[in-house]
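Structure at a glance
Here is how the chains run, residue by residue.
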Amino acid sequence: MEKFEQIFNIINEQAEKFEQQDMTYLDGVLAMLEGTLDGAFKWEVAGATKEDMRKAIQIAILKGMRKNTQPNHQMTPDTLGLLVSYFVEQFYEKELAEGSISVADLALGTGNLMFTLMNVLDGKVEATGVEVDELLIRLAAATADLTEQPISLYRQDALESLLVDPVDAVVCDLPVGYYPNEEVALDYELCAEEGMSYSHHLFIEQSLKHTKEGGYLFFFIPAALFESEQAKHLHKYIKKHAWIQAVIQLPETMFSSKAHEKSILILQKQRADVKAPREVLLAKVPNMANKQALAMFFEKVRLWKENK
Ligand code: SAM
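As a starting point, this report considers the structure included with it. It should be emphasised that the depicted structure is a prediction, and the values quoted were computed from it without experimental measurement. (Residues numbered from 1 in each chain as written. Predicted model: local features only at pLDDT ≥ 70, side-chain atom pairs only at ≥ 80, totals over all residues. Heavy atoms only, no water.)

The helix and strand tally for the protein chain stands at 11 helices and 8 strands. Along the first, second and third principal axes, the C-alpha set of the protein chain runs to 55 × 45 × 35 Å. When each of the 308 residues of the protein chain is scored for burial, the buried share is 52%. For the protein chain, the share of sequence-separated contacts (at least 6 apart) that also reach a separation of at least 24 residues comes to 71%. (Helix = DSSP H or I, 4+ residues; strand = E, 2+ residues; numbered from the N terminus. Buried < 20%, exposed > 50% of the residue type's maximum accessible area, 1.4 Å probe, protein only. Contact = heavy atoms within 4.5 Å.)

In the structure shown here, the tally under the stated rule is 1 cavity of 30 Å³ or more. A volume near 40 Å³ is recorded for the largest cavity. As for the largest cavity, its lining consists of R54, I57, Q58, I61, M75, T110, G111, N112, F115 and T143. Every element with two or more residues in the lining of the largest cavity is listed here: α3 (50–67) and α6 (112–120). (1 Å grid on protein atoms, 1.4 Å probe; cavity = no way out; pocket = protein on both sides within 12 Å on 5 of 7 lines; lining within 4 Å. Points joined across faces, edges and corners; volume = space filled by probe spheres on them.)

Close to the ligand lie 21 residues; T76, T110, E131, D157 and A158 are nearest. In the model, a nitrogen atom of the ligand is placed 2.9 Å from a nitrogen or oxygen of the D157 side chain. Separating a nitrogen atom of the ligand from a backbone N or O atom of A158 is a distance of 2.8 Å. Starting from 610 Å² of accessible surface for the ligand in isolation, the protein chains cover 93%. More than half of the atoms belonging to the ligand lie within 2 Å of the grid points that define the largest pocket. Taken together, the residues of the shell around the ligand sort by class into 10 nonpolar, 8 polar and 3 charged. (Near = heavy atom within 4 Å. Polar contact = N/O pair within 3.5 Å; in protein donor to acceptor, adjacent residues only side chain to side chain. Areas by Shrake-Rupley, 256 points an atom, 1.4 Å probe, with all protein chains shown as cover. Sits in = over half its atoms within 2 Å of the grid points. Nonpolar A, V, L, I, M, F, W, Y, C, P; charged D, E, K, R; others polar.)

Turning to helix α7 (residues 134–146), a few remarks are in order. Compared with the 18 Å implied by 1.5 Å per residue over 13 residues, the 18 Å span of α7 between its first and last C-alpha is a close match. For α7, the full list of buried residues reads L135, L136, I137, L139, A140, A142, T143, A144 and L146. Packing partners of the buried residues in α7 comprise α2 (25–37), α3, α6, β2 (125–131) and β3 (151–155). Where α7 begins, the capping side chain belongs to D133, and its oxygen is found 3.0 Å from the backbone nitrogen of L135. The first or second residue beyond α7 is E148, which carries a positive phi of 55°. (Expected span 1.5 Å × (residues − 1).)

Time to look at the layout of surface pockets. Put simply, the largest pocket is a space of about 1400 Å³. The wall of the largest pocket is formed by 49 residues, among which P71, H73, Q74, M75 and K262 lie closest to the centre. Breaking the lining of the largest pocket down by element, the ones donating at least two residues are α3, α4 (78–91), α6, β2, α9 (199–209) and β5 (211–222). Of the residues in the lining of the largest pocket, the class split is 26 nonpolar, 16 polar and 7 charged. Approximately 360 Å³ is the volume attributed to the second largest pocket. Lining the second largest pocket are 18 residues, and of these F91, Y92, E95, G214 and Y216 lie nearest its centre. Among the elements of the structure, α4, α5 (93–98) and β5 are those that each provide at least two residues to the lining of the second largest pocket. Across the lining of the second largest pocket, the residue classes break down as 5 nonpolar, 4 polar and 9 charged.

So, on to the environment of K3. One can find K3 in helix α1 (residues 3–20). Expressed as a C-alpha distance, the spacing of K3 and C172, which sit 169 residues apart in the sequence, is 29 Å. Look past the residues within four positions of K3 in its chain and what remains in contact with it is V45, A46, G47, A48 and D52.

Let us look at the nonpolar core. In terms of nonpolar packing, the biggest core is built from 41 residues, with F87, V88, Y92, F218 and I248 touching the most fellow members. Ignoring sequence-local partners within four residues, the contact set of V88 consists of L96, I101, L117, L121, V171 and F218. (Core = buried A, V, L, I, M, F, W, Y, C linked by side-chain atoms within 4.5 Å.)

Okay, the packing of α1 against α3 next. For any two helices packed against each other, one specifies the inter-axial angle together with the distance between the axes. Viewed as axis vectors pointing N to C, α1 and α3 meet at an angle of 40°, and their least axial separation amounts to 8 Å. Judged by the sense of rotation from one axis to the other, the crossing of α1 with α3 is right-handed. Seen from α1, the contacting residues are K3, F4, I7, F8, I11, N12, E16 and E19; seen from α3, they are D52, M53, K55, A56, I57, I59, A60, K63 and K67. Across the contact of α1 with α3, the residue classes tally to 9 nonpolar, 1 polar and 7 charged. (Axes fitted to C-alpha atoms, helices over the stretch in contact; angles between N-to-C directions. Left-handed = near helix turned anticlockwise from the far one by under 90°.)

Next up, the structure:
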């Protein structure tokens, strides 16, 4: 049995015991993780890496989310996290060769996206996460402590004012839908002229506000982002403050339905001495099992980067 499976079995067994005591399974996972940090439980598996621990915790959280579905309980899967990590590595090649970069995720959730990136760039990310949901941010905090990945965490509505210094880069799997606090939305250029504003639009604006000039932002967006009735407004806003670097379509097979399909949008915040890319990279990630097609996709990205 692989090491991450051994760790998962230990977490799972204890979470199930908590479940029998009238907790939800997900609360049981949190109690198990926090209990481990307090020394109440042990799950030492010789030779286990940070990645083994992240994977084991991820599977336990996913099991909990499936047992007790809640609309905001969504985790960014590994495949997507690894893809974004690849792009972060490409765009920050020089900075990462010389030192570390600061990265924020304003919709941190369980932190799976951020911790996937942190494990790939081990030791080279100064991370910040914001999340409104108490259970999710506690799961993220416990995962960070157990995998010894340092991160500054803020439990709050990320669209209200934030005490986060501008970062080099943003990664974010955007929460999609209408934003309920219309008063806060009024502070945004992307506030809807009529009716409620889109959370995902406001998150793009807030993320840009908290990024250094010239910094890159890597978003998972709804595949139909630029097709809504508010899309014109969003497009105009992006053109004024950023350059679209890339729009990358993800394989349909990764999503349960057309409505849930996502793409990756990469922006660069404008800076006076930096030019827009000559060409926006428009690409489609092939089926991940097709190694040859995947190699061609990475080659296309490499060629675009060389000529950009
Ligand atoms: N990347 C995350 C992960 O790997 O677990 C998943 C992010 S999920 C798609 C979007 C997250 O945004 C949810 O956890 C949700 O609770 C959070 N969210 C939604 N509205 C928010 C707000 N106004 N402020 C902060 N977090 C918010």
